[in-house]
Amino acid sequence: MTAQERDAAASQSVAGLRATAARYPDDPGVKRLVAELQRKSPAFAKSWREGGSAPWRTHRKTVDHPTVGLITLDCESLHLPDQDQTMIVYSADAGSPAAAALALLRVIGTQQMSSPG
């Protein structure tokens, strides 16, 4: 993940938590989490004071997989209102290096390692 991606992800995460806090203003767990993050992270506290409350919908994210290396993916955030959940979908353009890496991971993920003997 690049520094720019990290900053964007941090900002989006704070915005998402702010939206959750607005939706559940009396939830003690949310209140504790926000208080703890403000206490332990000056960057979070600053972002919390300055940030908005719109959760992210789409962005690009680079992950560094230990087997296939860097993979840049498109990320979509889909809100499921009936269940009050958010689903994150990662995808890559057909024919792209990221799509090839994902295809390889599908194969690698089905292999089972066993110890000799």
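What you are looking at is a predicted structure, and each value in this text was computed from that prediction instead of being measured. (Residues numbered from 1 in each chain as written. Predicted model: local features only at pLDDT ≥ 70, side-chain atom pairs only at ≥ 80, totals over all residues. Heavy atoms only, no water.)

S.K.: Describe the pattern of salt bridges, naming the residues involved and giving the relevant values.
M.R.: Here the structure, examined in full by the defined rule, presents 4 salt bridges. Its salt-bridge partner being D84, residue R23 comes within 3.4 Å of it at the nearest N-O pair. Of this pair, R23 sits in helix α1 (residues 3-23) while D84 sits in the loop between β2 (69-80) and β3 (85-91), and the two are 61 residues apart along the sequence. The class for D84 is partly exposed, based on a relative accessible area of 30%. Across the pair R60 and D74 runs a salt bridge, and its minimum N-O distance is 2.4 Å. Linking R60 in strand β1 (residues 58-65) with D74 in strand β2, this pair joins segments that are 14 residues apart in sequence. With a relative accessible area of 47%, R60 lands in the partly exposed category. Here D74 falls in the buried class, since its relative accessible area comes to 18%. (Salt bridge = Lys/Arg side-chain N within 4 Å of Asp/Glu carboxyl O. Helix = DSSP H or I, 4+ residues; strand = E, 2+ residues; numbered from the N terminus. Buried < 20%, exposed > 50% of the residue type's maximum accessible area, 1.4 Å probe, protein only.)

S.K.: Explain the pairing of β3 to me, and be specific about the residues and the numbers.
M.R.: Note that β2 and β3 share 7 bridges and pair antiparallel. When the sheet's bridge partners are listed, D74 is paired in β3 with S91. In this antiparallel pair of consecutive strands, β2 and β3, the connection spans 4 residues, and D84 shows a positive phi of 50°. (Pairing = 2+ DSSP bridges.)

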